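Per-entry structural report
Given next are the chains, with one letter for each unit.
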Amino acid sequence: MNRTTIKPILFCFLSVAMLSLGGGCATLPKVSDAIDNASIQEPPQILSSKGLLSPEKSKALMDRLKKSVAPTDMVERYSAVIESVSGSPLTSGNKVTLLIDGEATYAAMFKAMENARDHINLETFIMEDDETGRRFSDLLLKKQAEGVQVNIIYDSRGSFGTPAPFFKRLSDAGIQVVAFNPINPLKAHKFKFWKLAPDHRKILIVDGKTAFTGGVNISAVYSNPPSGESQSSGGKQDNVAEMPWRDTDVQVEGPAVAEFQKLFLDTWQRQKGPELSKGNYFPELKAAGKVLVRVVGSSPGETNRLTYILYVSAITFSENSLHLTNAYFVPDDDTVNALIAAARRGVDVRIVLPGTTDSSMTLNAGRYFYSRLLKAGVKLYKRRGVMLHAKTAVIDNVWSTVGSTNMDFWSFSTNDEVNAVILNKEFAAEMEKMFAEDIAESDEIRLEDWKKRPVFNRLKEWFAHQFRRWL
């Protein structure tokens with residue numbers, strides 16, 4: 001979430017007002033209940049390009065995956081839990097490309113959109129009226145003029161600073177544009193259901209055959225490639241505007257694309273978007289690779305906050321290694337306890353966190369937990385020289401996730417979020433390489449040094465912690 005874009009006093013007032021009316025009262029599901037209710041006696045249901053695999057083929061596929069890495073039951077146990085609480089299938093036959101930072105992500109997105117022939121569906125938290133936003137809008141207008149139907153969902157909170165004429169230019173050209181949960185209650189679909197719960201997802205679908213997801217918004221902040229040269233790592237906001245942003249996306253091809261499409265169309269319907277122009281939104285999808293992918297989406301109002309269950313259950317089942325990167329780290333007690341338990345049972349738990357942030361309140365609220373984590377053996381690192389915005393994890397060298405979900409209460413309890421879970425040894429190796437590069441550009445936070453931090457810093461952490469459910 002690019003929090004520097006949300007500055008106006010009026011919006012701050014509205015956010016606080018709406019939070020006080022219910023944002024902080026949301027509850028998270030008990031992951032332990034989901035774990036207890038799940039059964040791993042049967043192999044997970046796996047959807048291929050030709051339909052559901054038989055239990056025998058599914059078991060054989062999972063057995064090969066399990067044998068490809070050091071012994072772990074993590075994948076089977078995790079799959080059983082997520083299958084029991086979600087309607088999203090595990091899909092085989094996918095190709096997944098890791099996209100590190102904005103430059104690589106935008107290059108892949110533009111190539112896919114240039115080749116679009118039927119439709120482009122874009123769902124984003126932030127779409128700014130800057131150089132990058134105009135590059136996107138110009139290409140989308142071009143494709144619409146060529147007969148490719150473009151449909152856009154943008155979050156009204158995340159894109160609060162984007163002027164209305166930016167979107168009007170798109171809609172005037174025939175692009176169908178929907179503002180997610182309009183901030184102005186007079187523009188809401190039903191006044192009594194007016195709310196500011198944001199759509200924090202980032203999804204781009206081209207022709208129903210290629211999908212992108214991760215943390216990358218449409219903004220010029222991603223235009224500069226990250227480096228380790230900047231000297232700022234103190235969590236101050238004064239250098240944020242000049243800092244390159246460090247983020248991660250994935251490009252997915254294969255049967256899993258249909259699951260992204262379902263999420264987009266469901267959001268369009270829930271937001272009462274105009275009737276979509278006819279298009280081939282669900283083309284026949286052939287196998288594009290050998291990667292297993294599950295698309296996990298959460299929406300407010302659901303009893304099962306799926307991305308929350310995704311993270312806590314995966315942490316709970318980790319056996320060998322647990323490597324997290326997260327931009328806005330304000331975990332709830334269950335997540336903290338799961339991380340501590342993992343470290344105490346010998347799992348190599350490492351977390352890359354921001355050194356510099358655009359939300360000092362959020363950073364301090366997360367730092368409140370550092371002492372407990374460090375004492376338990378969790379290794380924490382501050383990323384230097386960048387504005388960290390990535391939300392990724394790789395566990396036991398076989399389970400990976402890339403998505404929009406921050407480890408904070410808003411992402412876990414309220415936002416619309418989406419994560420791709422990738423089960424594949426080779427992709428996990430790419431994730432581990434990326435993680436190692438981030439570690440090399442980070443400073444380790446050592447317990448003996450952390451204990452010496454100033455009293456004023458401790459007070460800021462305690463104060464921010466009191467508001468953790470609203471960050």
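In this report, we go over the structure that sits alongside the text.

Calculation notes
Residues numbered from 1 in each chain as written. Predicted model: local features only at pLDDT ≥ 70, side-chain atom pairs only at ≥ 80, totals over all residues. Heavy atoms only, no water. Helix = DSSP H or I, 4+ residues; strand = E, 2+ residues; numbered from the N terminus. Buried < 20%, exposed > 50% of the residue type's maximum accessible area, 1.4 Å probe, protein only. Contact = heavy atoms within 4.5 Å. Areas by Shrake-Rupley, 256 points an atom, 1.4 Å probe, with all protein chains shown as cover. Core = buried A, V, L, I, M, F, W, Y, C linked by side-chain atoms within 4.5 Å. Arc of directions from axis to C-beta. Salt bridge = Lys/Arg side-chain N within 4 Å of Asp/Glu carboxyl O. Axes fitted to C-alpha atoms, helices over the stretch in contact; angles between N-to-C directions. Parallel < 35°, antiparallel > 145°, perpendicular 65-115°, else oblique. Left-handed = near helix turned anticlockwise from the far one by under 90°. Pairing = 2+ DSSP bridges. Right-handed = clockwise from strand over helix to strand, strands pointing away.

Some thoughts on the overall build of the protein
In terms of regular secondary structure, the protein is built from 16 helices and 18 strands. Out of the 471 residues in the protein, the part that is buried amounts to 59%. The contacts in the protein between residues at least 6 apart in sequence include a share of 84% that link residues at least 24 apart. Surface accessibility of the protein: about 19400 Å² in total, with carbon and sulfur atoms responsible for 53%.

Here's the deal with the nonpolar core
Ranked by internal contacts, the top residues of the largest apolar core, which has 60 residues, are Tyr78, Leu322, Leu339, Tyr370, Leu373, Leu380 and Trp399. If sequence neighbours within four positions are ignored, Tyr78 has contacts with Arg294, Val296, Leu310, Ser313, Ala314, Phe317, Trp399 and Val421.

A short note on helix H16 (residues 455-465)
Taken residue by residue, H16 has Glu461, Ala464 and His465 as its buried positions. For H16, the buried positions fall inside an angular range of 105° around the axis, keeping them on one side. Opposite the buried face of H16, by more than 90 degrees, sit the exposed residues Val455, Phe456 and Leu459.

What about the pattern of salt bridges?
In this structure the tally under the stated criterion is 21 salt bridges. Asp266 is paired through a salt bridge with Arg270; the nearest N and O atoms lie 3.0 Å apart. Taken together, the residues span about one helical turn, with Asp266 and Arg270 both in helix H8 (residues 257-270) at a distance of four residues. Connected via shared salt-bridge partners are Asp101, Arg246, Arg383 and Asp438.

What to know about the packing of helix H4 (residues 74-85) against helix H9 (residues 306-317)
Packing of H4 against H9 leaves a shortest axis separation of 9 Å and a crossing angle of 155°. Classed by the angle they form, the pair H4 and H9 counts as roughly antiparallel. Crossing hand, H4 versus H9: right-handed. When H4 is examined against H9, the residues Met74, Arg77, Tyr78, Val81, Ile82 and Val85 are found in contact with a partner set consisting of Leu306, Ile309, Leu310, Ser313, Ala314 and Phe317.

A word on the side chain of Ser79
Mapped onto the elements of the fold, Ser79 is located in helix H4. When its relative accessible area of 1% is taken as the criterion, Ser79 is described as buried. The contact partners of Ser79, leaving out residues within four places of it in the chain, are Pro44, Met62, Arg294 and Leu423.

Re the pairing of strand E5 (residues 149-155)
Summarising burial for E5: seven of the seven residues are buried, a large majority. Relative to E5, strand E4 (residues 119-124) runs parallel, the two sharing six bridges. From the neighbouring strand, Ile120 faces E5, where its bridge partner is Val150. You can see the chain leave E4, run along helix H6 (residues 131-145) and come back into E5, and the turn it takes is right-handed. By the bridge criterion, five bridges tie E5 to strand E6 (residues 176-180) in an arrangement that is parallel. Bridging across to E6, Ile153 finds its partner in Val178.

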